Amino acid sequence: MAEPISIKQTIVVRSRPDVLYRLALEPKRRLKWDPNLVQADYEGEGGRLSNNALVRFKFSRRLLGLRFTAKYGQLQAPQRGGWESVRHVGPLEKLTQSWVFRPMPGGTEVTLTVNARVRYKFVKAPVERILHNMVATTLLELQRSVDAQGAQLLEDMGRELQERQKAEKKAAKEAAKAAKRKK
């Protein structure tokens, strides 16, 4: 008998829902920031984020290195989206992941839900622990990647401002020297 596992965690991220939607659900973008995945790409040529699109995933070694194919569904940009495995995933009969993005003042409330059905009762406890860790690290890394982008943007803006101020000082000095020479 299949044993169900359901994990749901919520976090507030300082970003817009549309940005988070693409980061969480677009396979190539997700691969850049999520340490739980080592492969994520569309099955077939020219895949794009749409309902019933098939995606091949491979988890990291910490997550047993499992490979599987998932089908996207319930996509409603930028509020929600998710996928479910097409076939069994190792000891799991079925694995689903859904995201909900709720805008709020100062950011977005992000809820990640993972549901699984374990094929064998004796592996439920360790698999549940692994999935809890996966959900927590996924949410934290999503927040960290958004914060890193913001921090990089601020750093770049600061550098540009500093360079502009240096150029203005240099121009002012040259103008002062030119004015002295004319006297």
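Residues numbered from 1 in each chain as written. Predicted model: local features only at pLDDT ≥ 70, side-chain atom pairs only at ≥ 80, totals over all residues. Heavy atoms only, no water.

Draft legend 1. Layout of a positive patch on the surface. The grouping of K169, K173, K177 and R181 at the surface amounts to a positive patch. Its place among the elements puts R181 in helix α3 (residues 124–182). Relative accessible area serves as the criterion here: at 68%, R181 is assigned to the exposed category. (Patch = residues over 30% accessible without salt bridge, like charges linked within 9 Å, V, L, I, M, F, W, Y side chains within 5 Å. Areas by Shrake-Rupley, 256 points an atom, 1.4 Å probe, with all protein chains shown as cover. Salt bridge = Lys/Arg side-chain N within 4 Å of Asp/Glu carboxyl O. Lys, Arg positive; Asp, Glu negative; His and termini not counted. Charge placed at Lys NZ, Arg CZ, Asp CG, Glu CD. Helix = DSSP H or I, 4+ residues; strand = E, 2+ residues; numbered from the N terminus. Buried < 20%, exposed > 50% of the residue type's maximum accessible area, 1.4 Å probe, protein only.)

Draft legend 2. Looking closely at the side chain of D41. Position of D41 relative to the elements: it lies in strand β2 (residues 37–42). Within polar-contact distance, the side chain of D41 engages the side chain of Q39 at 3.2 Å. (Polar contact = N/O pair within 3.5 Å; in protein donor to acceptor, adjacent residues only side chain to side chain.)

Draft legend 3. Up close: the packing of aromatic side chains. In this structure the tally under the stated criterion is seven aromatic pairs. Centroid distance F57 to F68: 5.5 Å. Interplanar angle 35°. Geometry classified as tilted. Taken as a pair, F57 in strand β3 (residues 54–59) and F68 in strand β4 (residues 67–76) lie far apart in primary sequence, eleven residues in all. Taken as a pair, F57 and F68 share a single burial class, namely buried. When the ring of F68 is compared with that of W83, the centres are 5.4 Å apart and the planes differ by 45°; the resulting orientation is tilted. One end of the pair, F68, is in strand β4; the other, W83, is in strand β5 (residues 80–85), with 15 residues separating them in the sequence. Here F68 falls in the buried class, since its relative accessible area comes to 7%. These aromatic residues form a ring-pair network of at least three members: F57, F59, F68 and W83. (Phe/Tyr/Trp six-rings, centres within 6.5 Å; stacked < 30°, edge-to-face > 60°.)

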